[in-house]
Amino acid sequence: MVRGLVVAATLLLVAIGGSVLLAAAEGGARTEPDLGNWRVDTGSDAQITASLHAINKLITGGGALGYSPVLTLACRRDGEPRWSEWLQLKDPVSASRKITISVIVDGGKTDESWSVGPRGRMLVRDGDDGIKRLVSASRLTLSWRFGLLSGRGEADFELAGLSKAIGQIAASCKTDPP
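Residues numbered from 1 in each chain as written. Predicted model: local features only at pLDDT ≥ 70, side-chain atom pairs only at ≥ 80, totals over all residues. Heavy atoms only, no water.

*Asks:* How should I be thinking about the overall build of the protein chain in this particular structure?
*Replies:* Along the protein chain, the regular secondary structure elements total three helices and 11 strands. In the protein chain, the succession of α and β elements from N to C terminus is α-β-β-β-β-β-β-β-β-β-α-β-β-α. For the protein chain, the residues scored as buried account for 37% of the 178 residues in total. About 10,600 Å² of surface is accessible on the protein chain, with carbon and sulfur atoms providing 56% of the total. (Helix = DSSP H or I, 4+ residues; strand = E, 2+ residues; numbered from the N terminus. Buried < 20%, exposed > 50% of the residue type's maximum accessible area, 1.4 Å probe, protein only. Areas by Shrake-Rupley, 256 points an atom, 1.4 Å probe, with all protein chains shown as cover.)

*Asks:* Please clarify how the pairing of strand β11 (residues 151-158) should be interpreted in this entry.
*Replies:* For a regular strand, side-chain orientation follows a simple rule: the groups alternate between the two sheet faces. Note that strand β10 (residues 139-147) and β11 share eight bridges and pair antiparallel. The partner of G147 across the bridge, within β11, is G151. The hairpin formed by β10 and β11 contains three residues between the paired strands. (Pairing = 2+ DSSP bridges.)

*Asks:* Help me understand the state of the cysteines, please; the structure alone is not making it clear to me.
*Replies:* Structurally, a disulfide amounts to a covalent bond that connects the sulfur atoms of two cysteines. What the rule picks out here adds up to one disulfide. In this model, C75 is linked to C173 through a disulfide, with the two sulfur atoms separated by 2.1 Å. Across the disulfide from C75 to C173, rotation about the S-S bond amounts to roughly -80°, and the bridge is consequently left-handed. Placement of C75 in strand β5 (residues 70-76) and of C173 in helix α3 (residues 162-173) is noted, with a sequence separation of 98 residues between them. For the residue pair C75 and C173, the accessibility class agrees, reading buried in each case. (Disulfide = S-S within 2.5 Å.)

*Asks:* Quick question: what am I supposed to make of the sheet that holds strand β7 (residues 98-105) here?
*Replies:* By way of backbone hydrogen bonds, the strands of a sheet pair with one another, either parallel or antiparallel. Pairing within the open sheet is antiparallel, and its nine strands lie in the order β1-β2-β5-β6-β9-β8-β7-β10-β11. Each edge of the open sheet is held by one strand with a lone partner, namely β1 (39-41) and β11. Shown here is a sheet whose adjacent strand axes are inclined to one another by a mean of 30°, direction ignored. (Axes fitted to C-alpha atoms, helices over the stretch in contact; angles between N-to-C directions.)

*Asks:* I keep staring at the pattern of salt bridges and nothing clicks. Help me out?
*Replies:* Here the idea is simple: oppositely charged side chains can pair when their charged atoms come close. Tallied over the entire structure, the rule returns six salt bridges. Of the charged contacts, one joins R133 and E112 as a salt bridge, the two residues approaching to 3.5 Å between their closest N and O atoms. Here R133, found in the loop between α2 (129-132) and β10, pairs with E112, found in strand β8 (residues 108-116); they are 21 residues apart in sequence, far enough to count as distant. Neither residue differs from the other here; R133 and E112 are each classed as buried. When the shortest N-O distance is used, the salt bridge between R125 and D129 registers 3.1 Å. Using a relative accessible area of 14% as the deciding quantity, one classes R125 as buried. Here the salt bridges do not stand alone but share partners, grouping E85, E112, R125, D129 and R133 into one network. (Salt bridge = Lys/Arg side-chain N within 4 Å of Asp/Glu carboxyl O.)

*Asks:* Help me understand the packing of aromatic side chains, please; the structure alone is not making it clear to me.
*Replies:* The way to describe two aromatic rings as a pair is by their centre distance and the angle between their planes. Per the counting criterion, the structure on display carries one aromatic pair. Arranged with centres 5.8 Å apart and planes meeting at 70°, the rings of W144 and F146 form a pair that is edge-to-face. The exposure class assigned to W144 is buried, which follows from its relative accessible area of 0%. Owing to a relative accessible area of 13%, F146 belongs among the buried residues under this scheme. (Phe/Tyr/Trp six-rings, centres within 6.5 Å; stacked < 30°, edge-to-face > 60°.)

*Asks:* It is not clear to me how the environment of T141 should be interpreted in this structure. Could you clarify?
*Replies:* Within the element layout of this structure, T141 appears in strand β10. According to the relative accessible area criterion, T141 is buried, its value standing at 11%. Residues T141 and D156, 15 residues apart in the sequence, show an inter-C-alpha distance of 4.5 Å. Setting aside anything within four residues of it in sequence, one finds T141 in contact with S102, V103, I104, E154, A155 and D156. Within the local environment of T141, its side chain forms a polar contact with the side chain of D156, the two groups lying 2.7 Å apart. (Contact = heavy atoms within 4.5 Å. Polar contact = N/O pair within 3.5 Å; in protein donor to acceptor, adjacent residues only side chain to side chain.)

Taken by themselves, the reported measurements are silent on function.
As C-alpha coordinates, then:
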(Lines give C-alpha, C1' and ligand atoms only; values in the text may rest on other atoms or scores of the structure.)
Protein backbone atom coordinates (compact mmCIF):
# COMPACT_ATOMS: atom_id res chain seq x y z
CA MET A 1 0.00 0.00 0.00
CA VAL A 2 2.79 2.42 0.88
CA ARG A 3 4.54 1.54 -2.33
CA GLY A 4 1.34 2.33 -4.27
CA LEU A 5 1.08 5.72 -2.57
CA VAL A 6 4.71 6.51 -3.43
CA VAL A 7 4.14 5.58 -7.09
CA ALA A 8 0.93 7.64 -7.20
CA ALA A 9 2.66 10.64 -5.58
CA THR A 10 5.58 10.36 -8.02
CA LEU A 11 3.23 10.23 -11.00
CA LEU A 12 1.35 13.23 -9.65
CA LEU A 13 4.59 15.23 -9.25
CA VAL A 14 5.68 14.30 -12.79
CA ALA A 15 2.29 15.37 -14.17
CA ILE A 16 2.37 18.67 -12.26
CA GLY A 17 5.97 19.33 -13.34
CA GLY A 18 5.10 18.63 -16.98
CA SER A 19 2.09 20.93 -16.78
CA VAL A 20 4.21 23.70 -15.28
CA LEU A 21 6.84 23.31 -17.99
CA LEU A 22 4.21 23.29 -20.72
CA ALA A 23 2.51 26.37 -19.29
CA ALA A 24 5.85 28.16 -19.01
CA ALA A 25 6.73 27.30 -22.60
CA GLU A 26 3.38 28.51 -23.88
CA GLY A 27 3.27 31.60 -21.70
CA GLY A 28 6.92 32.52 -22.31
CA ALA A 29 6.72 32.30 -26.08
CA ARG A 30 6.16 35.79 -27.41
CA THR A 31 4.94 36.27 -30.92
CA GLU A 32 7.32 38.59 -32.71
CA PRO A 33 6.16 40.34 -35.88
CA ASP A 34 7.39 38.69 -39.07
CA LEU A 35 10.11 41.06 -40.23
CA GLY A 36 11.30 38.84 -43.08
CA ASN A 37 15.08 39.28 -43.37
CA TRP A 38 15.10 42.71 -41.73
CA ARG A 39 17.28 43.08 -38.62
CA VAL A 40 16.10 45.77 -36.23
CA ASP A 41 18.58 47.31 -33.77
CA THR A 42 17.04 49.27 -30.91
CA GLY A 43 20.21 49.25 -28.82
CA SER A 44 21.32 52.80 -29.50
CA ASP A 45 19.91 55.66 -27.45
CA ALA A 46 20.30 58.04 -30.38
CA GLN A 47 19.15 55.97 -33.35
CA ILE A 48 16.96 52.94 -34.18
CA THR A 49 17.77 51.03 -37.38
CA ALA A 50 16.49 48.23 -39.59
CA SER A 51 18.93 46.65 -42.05
CA LEU A 52 18.55 44.30 -44.99
CA HIS A 53 21.18 42.60 -47.20
CA ALA A 54 20.70 42.74 -50.96
CA ILE A 55 19.73 39.48 -52.64
CA ASN A 56 22.49 39.96 -55.22
CA LYS A 57 26.26 40.21 -54.82
CA LEU A 58 28.68 42.85 -56.06
CA ILE A 59 32.22 41.84 -56.95
CA THR A 60 34.88 43.83 -55.07
CA GLY A 61 37.41 45.95 -56.95
CA GLY A 62 39.96 43.16 -56.93
CA GLY A 63 37.40 40.76 -58.37
CA ALA A 64 38.17 38.00 -55.86
CA LEU A 65 35.27 38.39 -53.46
CA GLY A 66 31.62 39.26 -53.65
CA TYR A 67 29.44 40.97 -51.07
CA SER A 68 25.84 42.03 -50.63
CA PRO A 69 25.28 45.76 -50.09
CA VAL A 70 23.23 46.58 -46.98
CA LEU A 71 20.22 48.92 -46.98
CA THR A 72 19.56 50.55 -43.61
CA LEU A 73 16.54 52.61 -42.56
CA ALA A 74 17.02 54.74 -39.47
CA CYS A 75 15.08 56.96 -37.07
CA ARG A 76 16.89 59.43 -34.83
CA ARG A 77 15.23 59.90 -31.46
CA ASP A 78 16.27 63.56 -31.30
CA GLY A 79 17.24 66.00 -34.01
CA GLU A 80 16.56 66.51 -37.65
CA PRO A 81 16.29 64.87 -40.04
CA ARG A 82 14.51 62.24 -38.00
CA TRP A 83 14.37 59.56 -40.76
CA SER A 84 17.09 58.52 -43.19
CA GLU A 85 18.20 55.61 -45.32
CA TRP A 86 21.63 54.54 -46.42
CA LEU A 87 23.37 51.95 -48.55
CA GLN A 88 26.62 50.43 -47.26
CA LEU A 89 29.22 49.38 -49.82
CA LYS A 90 32.66 47.79 -49.59
CA ASP A 91 34.01 49.45 -52.76
CA PRO A 92 33.98 53.25 -52.69
CA VAL A 93 32.27 55.42 -55.27
CA SER A 94 34.47 58.16 -56.73
CA ALA A 95 31.93 60.96 -56.18
CA SER A 96 32.69 63.26 -53.27
CA ARG A 97 29.42 64.96 -52.22
CA LYS A 98 26.37 63.86 -54.21
CA ILE A 99 25.59 60.94 -56.48
CA THR A 100 22.59 60.16 -58.67
CA ILE A 101 20.97 56.83 -57.90
CA SER A 102 18.35 55.18 -60.10
CA VAL A 103 15.64 53.91 -57.78
CA ILE A 104 13.21 51.26 -59.00
CA VAL A 105 10.35 50.52 -56.62
CA ASP A 106 8.10 47.69 -57.86
CA GLY A 107 8.97 48.54 -61.47
CA GLY A 108 8.55 52.35 -61.25
CA LYS A 109 11.85 54.17 -61.87
CA THR A 110 13.03 57.58 -60.60
CA ASP A 111 16.42 59.23 -60.18
CA GLU A 112 17.37 60.64 -56.78
CA SER A 113 20.30 62.59 -55.41
CA TRP A 114 22.01 60.86 -52.47
CA SER A 115 24.93 62.11 -50.37
CA VAL A 116 28.22 60.26 -50.37
CA GLY A 117 29.29 59.23 -46.88
CA PRO A 118 32.71 58.61 -45.30
CA ARG A 119 35.37 57.24 -47.66
CA GLY A 120 32.71 56.86 -50.39
CA ARG A 121 31.46 53.59 -48.90
CA MET A 122 28.07 54.82 -47.79
CA LEU A 123 25.32 56.49 -49.82
CA VAL A 124 22.83 58.45 -47.70
CA ARG A 125 19.38 59.97 -48.25
CA ASP A 126 17.73 61.95 -45.45
CA GLY A 127 14.00 62.48 -44.97
CA ASP A 128 10.91 60.35 -44.52
CA ASP A 129 9.75 60.62 -48.16
CA GLY A 130 12.24 57.94 -49.24
CA ILE A 131 10.93 55.58 -46.60
CA LYS A 132 7.28 56.40 -47.43
CA ARG A 133 7.85 55.20 -51.01
CA LEU A 134 8.91 51.79 -49.67
CA VAL A 135 6.18 51.08 -47.09
CA SER A 136 3.86 49.21 -49.46
CA ALA A 137 6.56 48.03 -51.90
CA SER A 138 7.75 44.47 -52.34
CA ARG A 139 10.96 45.07 -54.30
CA LEU A 140 13.62 47.79 -54.48
CA THR A 141 16.52 48.12 -56.91
CA LEU A 142 19.19 50.78 -56.49
CA SER A 143 21.65 51.46 -59.32
CA TRP A 144 24.60 53.90 -59.36
CA ARG A 145 27.94 54.61 -61.04
CA PHE A 146 31.08 53.79 -59.07
CA GLY A 147 33.06 56.29 -61.13
CA LEU A 148 33.57 57.67 -64.60
CA LEU A 149 35.28 54.51 -65.89
CA SER A 150 34.44 52.07 -63.10
CA GLY A 151 31.04 50.83 -64.19
CA ARG A 152 27.75 50.55 -62.37
CA GLY A 153 26.67 48.95 -59.16
CA GLU A 154 23.22 47.54 -58.53
CA ALA A 155 21.58 46.26 -55.36
CA ASP A 156 18.29 44.33 -55.34
CA PHE A 157 16.19 44.02 -52.20
CA GLU A 158 13.17 41.86 -51.36
CA LEU A 159 11.22 44.06 -48.92
CA ALA A 160 9.06 41.42 -47.18
CA GLY A 161 8.36 42.48 -43.59
CA LEU A 162 9.29 46.13 -44.19
CA SER A 163 6.06 47.72 -42.95
CA LYS A 164 6.35 45.81 -39.66
CA ALA A 165 10.02 46.77 -39.34
CA ILE A 166 9.15 50.44 -39.90
CA GLY A 167 6.37 50.16 -37.32
CA GLN A 168 8.82 48.68 -34.81
CA ILE A 169 11.39 51.41 -35.53
CA ALA A 170 8.77 54.16 -35.14
CA ALA A 171 7.48 52.71 -31.87
CA SER A 172 11.01 52.46 -30.45
CA CYS A 173 11.76 55.98 -31.70
CA LYS A 174 8.50 57.23 -30.16
CA THR A 175 7.24 58.78 -33.40
CA ASP A 176 4.73 58.08 -36.15
CA PRO A 177 5.77 55.94 -39.11
CA PRO A 178 6.37 57.93 -42.31
